[in-house]
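Structure at a glance
Here is what each chain is made of, one letter per residue.
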Amino acid sequence: MPCIQPDLSQDYSDFIIRYFSFTQTALTFNSSAPGFSQGQTEESCFSVISSQYAVYHMPLAETLPLTLNRFSYPSIPKLYTLLDTSSMESSGILTAFAQPSLALRGRGTLIGIVDTGIDYRNPIFLGSDRSTRILGLWDQTEEGPGIITGNILEDIPYGREYTREEINRALEAEDPFSVVPSRDESGHGPLLAGIAAGNETDSASFTGAAPEAFLAVVKLKQAKQYLRDYYLIPSSSEAYQENDIMMGIKYLLLVARRHRLPLTILISLGTNMGSHEGTSPLARYLDTVSAFPGVVTVIAAGNETGYSHHYFGTVEADEEFEDVELRIASGEEGFTMEMWTQEPELFSVGFLSPTGELIGRIPNNTPMEQRITFLLEDTVIYLNYQVAEFETGSQLIVMRFVRPTPGIWRLRVYNSLYLKGAYHLWLPAHGFLSEDTFFLRPHPDTVITEPGNASLPITVGAYNHRSGGIYIHSSRGYTRLGRVKPDLAAPGVDVEIPSSSGLSPIRITGTSAAAAHAAGAAANLLSWAFRDGSFSYMNTSIAKAFLIRGAERNPVFTYPNREWGYGTLNLYNAFLRMRE
């Protein structure tokens with residue numbers, strides 16, 4: 001049965017699954033793959049994301065305790081966080097605007113943003129006739145009828161949609177929020193929308209990258225409490241569920257189809273959980289969408305460099321084990337750490353606490369979750385071995401630290417096969433963890449957040465367009481198995497947009513701002529491609545190729561590289577390369 005309330009209810013749990021058969025009235029799940037072991041019950045129901053993915057809802061009482069031996073790794077939604085805390089000239093966007101045949105400014109395209117919402121009152125989101133350029137705003141946080149079309153593939157059974165007409169009525173009202181009550185409390189979403197598609201201001205001191213593009217916006221709801229508890233995410237952290245982001249992408253496709261416009265999708269959220277190879281349900285869904293003609297997807301690379309959240313190690317044949325030193329801050333309530341190996345490697349682990357208590361090698365011969373306690377400490381570690389994770393075949397070891405004793409912990413890593421002996425460890429992303437919890441001997445590379453490791457989307461790092469240097473926290477590649485990411489770098493340091501009040505401008509720094517630049521550039525490419533229909537098959541792969549060819553490359557560096565990808569964004573150069 002389809003659901004309405006379970007998507008919002010704290011009394012239901014959510015699982016991302018693939019299904020193997022589909023009709024208008026029934027959905028049949030394959031319980032053997034993709035890793036969902038529970039059957040349907042009378043009170044369970046589903047929401048469809050696409051022809052491959054659905055969200056399965058179960059009463060929370062039947063779900064808890066949430067463990068990897070009951071529910072497989074891909075089915076439990078990961079939690080994502082926001083990736084941020086003169087630029088258009090550096091991106092070659094204003095130079096392109098100056099050419100009569102290229103001055104399309106995103107006209108006739110749609111930029112879709114899945115984030116924290118938008119301030120629809122800000123004049124930079126209005127057209128020349130003073131009406132809104134927002135064609136649709138879906139607020140997941142509001143109770144409402146959702147979007148019911150009669151087609152199960154298009155239905156969205158929760159939240160509230162506001163149309164362009166409703167937003168225009170709100171703009172004319174004395175109290176706009178009495179007509180359209182959706183607000184952005186974070187400020188992140190409006191900043192991205194402004195950089196990607198804000199109007200030129202009267203003083204000409206600001207313009208977005210595609211100021212005539214239309215907008216479609218998703219305001220994500222916060223993650224449910226049971227998932228926060230499972231991943232041990234602090235209550236103060238903004239966290240968003242993977243399935244809600246996937247539903248947001250579905251909505252953007254629906255708006256683009258409704259208005260028959262080519263679409264640029266901007267995603268500026270990330271997580272350190274996952275294979276770092278783009279195999280999560282969200283990453284695979286983005287790969288599928290990226291292949292559609294008329295769709296370009298752009299993803300922020302993340303801001304993980306410098307936070308010491310990644311460790312890369314090897315256990316050689318002549319070594320019994322390797323100790324990984326981890327400093328845990330005072331007051332850290334808990335966190336989840338993941339260890340990924342390259343198939344067919346096999347490892348097992350032990351622990352040495354700050355007080356010197358040793359938990360010896362724990363055999364990896366059971367899929368059951370193991371609860372590890374200590375004699376002198378209140379710490380509990382929940383350990384799960386996945387000998388072959390479903391999507392990758394790699395071994396995955398998940399460790400959840402509850403009430404960890406502050407100090408220096410040692411994770412003792414034992415090798416079983418002695419092939420290459422290599423493995424990776426990731427702590428949660430910045431924002432989900434105390435800044436004083438980190439690896440003492442971190443590895444600087446392979447810190448692109450998911451879904452930035454997905455194969456087809458354009459993954460964007462950040463640089464300072466004033467100094468020319470890379471942004472200090474811009475996540476470095478490559479992927480775990482060596483695929484080139486990021487693809488490009490774009491301006492992402494102290495980027496300003498005008499506030500809706502017209503007072504002091506708002507600044508943003510990070511790869512979110514960089515991805516917004518690239519999304520606007522992609523919208524301009526789509527505008528050019530669809531102008532006369534001669535390039536109407538443009539998709540993400542083609543747009544990526546054009547932008548990479550046009551990227552500026554410093555002769556000091558070798559390209560591609562882990563910081564800059566293939567170079568810095570330059571839209572005008574991309575058009576020049578086409579001429580060649």
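Every value quoted in this text rests on a predicted model; they were computed, and no experiment measured them.

Calculation notes
Residues numbered from 1 in each chain as written. Predicted model: local features only at pLDDT ≥ 70, side-chain atom pairs only at ≥ 80, totals over all residues. Heavy atoms only, no water. Helix = DSSP H or I, 4+ residues; strand = E, 2+ residues; numbered from the N terminus. Buried < 20%, exposed > 50% of the residue type's maximum accessible area, 1.4 Å probe, protein only. Areas by Shrake-Rupley, 256 points an atom, 1.4 Å probe, with all protein chains shown as cover. Pairing = 2+ DSSP bridges. Salt bridge = Lys/Arg side-chain N within 4 Å of Asp/Glu carboxyl O. Axes fitted to C-alpha atoms, helices over the stretch in contact; angles between N-to-C directions. Parallel < 35°, antiparallel > 145°, perpendicular 65-115°, else oblique. Contact = heavy atoms within 4.5 Å. Nonpolar A, V, L, I, M, F, W, Y, C, P; charged D, E, K, R; others polar. Polar contact = N/O pair within 3.5 Å; in protein donor to acceptor, adjacent residues only side chain to side chain. Left-handed = near helix turned anticlockwise from the far one by under 90°. pLDDT = per-residue confidence, 0-100. Phe/Tyr/Trp six-rings, centres within 6.5 Å; stacked < 30°, edge-to-face > 60°. Lys NZ or Arg CZ within 6 Å of the ring centre and 35° of its normal.

Take the overall build of the chain next. Secondary structure summary: the chain contains 11 helices and 28 strands in total. Expressed as a percentage of its 580 residues, the buried residues of the chain come to 63%. Put simply, the chain shows about 21200 Å² of open surface, and 51% of that area lies on carbon and sulfur atoms.

Attention now moves to the sheet that holds strand β5 (residues 79-82). Read across the sheet, 3 strands follow the order β10-β5-β12 without closing on themselves; strand pairing throughout is antiparallel. Edge strands, defined here as strands with exactly one partner in the open sheet, are β10 (240-241) and β12 (269-270). As judged from the 2 bridges shared by β5 and β10, these two strands associate in the antiparallel manner. Bridged to Y80 within β10 is Y240.

Attention now goes to the pattern of salt bridges. Applying the stated criterion across every chain yields a total of 22 salt bridges. A salt bridge links D244 to K221; the shortest N-O distance between them is 2.9 Å. Separated by 23 residues along the polypeptide, D244 in helix α7 (residues 242-259) and K221 in the loop between β9 (214-219) and α6 (225-231) bring together distant segments of the chain. Residue K221 is classed as buried on the basis of its relative accessible area of 6%. We note a salt bridge from D378 to R403, for which the minimum N-O separation is 2.9 Å. Of the two residues, D378 is situated in the loop between β19 (370-373) and β20 (380-386) and R403 in the loop between β21 (396-402) and β22 (407-415); the sequence distance between them amounts to 25 residues. The structure contains a network of salt bridges with shared partners spanning D445, R476, R562 and E563.

Turning to the pairing of strand β11 (residues 263-267), a few remarks are in order. In regular strands, side chains alternate between the two faces of the sheet. Burial of β11 is extensive: 5 of the 5 residues sit out of reach of the surface. Burial of β11 is two-sided: the residues L263, I265 and I267 facing one way and the residues T264 and L266 facing the other way are all buried. Bridge count between strand β6 (residues 110-115) and β11: 5 bridges; the pairing is parallel. Residue pairing for β11: V114 is matched across the bridge by I267. Note that β11 and strand β13 (residues 295-300) share 5 bridges and pair parallel. Across the sheet, I267 pairs through a bridge with I299, a residue of β13.

Direction vectors running N to C along helix α10 (residues 540-550) and helix α11 (residues 571-579) enclose 100°, while the axes themselves pass 7 Å from each other. Between α10 and α11, the angle falls in the class roughly perpendicular. Along the contact surface, α10 presents F546, L547, R549 and G550, while α11 presents L571, N573, A574, R577 and M578. Classifying every residue of the contact of α10 with α11 gives 5 nonpolar, 2 polar and 2 charged.

What follows deals with the side chain of S512. You can see S512 is positioned in helix α9 (residues 511-529). For S512, a relative accessible area of 0% corresponds to the buried category. Here H188 takes part through its side chain, which lies 3.3 Å from a polar atom of the side chain of S512.

Across the sheet, 5 strands lie side by side as β18-β17-β22-β15-β24; this open sheet has antiparallel pairing. Here the strands that pair on one side only, and so sit at the sheet edges, are β18 (358-362) and β24 (438-439).

Turning our eyes to something else, we now look at the packing of α9 against α11. Where α9 meets α11, the closest approach of the two axes is 10 Å, and the angle between their N-to-C directions is 35°. Crossing of α9 over α11 shows right-handed handedness. Contact residues: α9 offers A521, N524, L525 and W528, while α11 offers L571, F575 and M578. Of the residues in the contact of α9 with α11, the class split is 6 nonpolar, 1 polar and no charged.

For the peptide bond that leads from E450 to P451, omega is 10°, which places it in the cis range. Structurally, P451 can be placed in the loop between β24 and β25 (458-463). In this model, S308 sits at a positive phi of 60°, which is unusual for a non-glycine residue. Counting through the fold element by element, S308 comes out in the loop between β13 and β14 (310-314).

The predicted model of the chain has a mean per-residue pLDDT of 89, with 90% of residues at 70 or higher. Counting interchain partners and residues more than four positions distant, the pLDDT-below-50 stretch residues 22-36 has 46 contacts.

Here we come to the environment of L266. Mapped onto the elements of the fold, L266 is located in strand β11. Taking relative accessible area as the criterion, L266 reaches 0% and is therefore assigned buried. Taking the C-alpha atoms as reference, L266 lies 8.2 Å from A300; in sequence the two are 34 residues apart. Ignoring sequence-local partners within four residues, the contact set of L266 consists of G112, I113, V114, L192, V298, A515, A516 and A519.

Applying the stated criterion to the full structure yields 21 aromatic pairs. Geometrically, the ring pair formed by Y120 and F177 is edge-to-face, given 5.9 Å between the ring centres and 70° between the ring planes. Here the residue Y120 occupies a position in the loop between β6 and β7 (134-139), and F177 occupies one in the loop between α4 (164-172) and α5 (188-197), the gap between them amounting to 57 residues. The buried category is assigned to F177, whose relative accessible area is 16%. The interplanar angle of 85° and the centroid separation of 6.4 Å between the aromatic rings of F557 and Y559 together place this pair among those described as edge-to-face. With a relative accessible area of 34%, F557 lands in the partly exposed category. The rings of F335, F351, F374, F401 and W409 are connected pair by pair, giving a single aromatic cluster. The lysine or arginine in question, K78, covers the ring of Y73, its NZ or CZ lying 4.0 Å from the ring centre.

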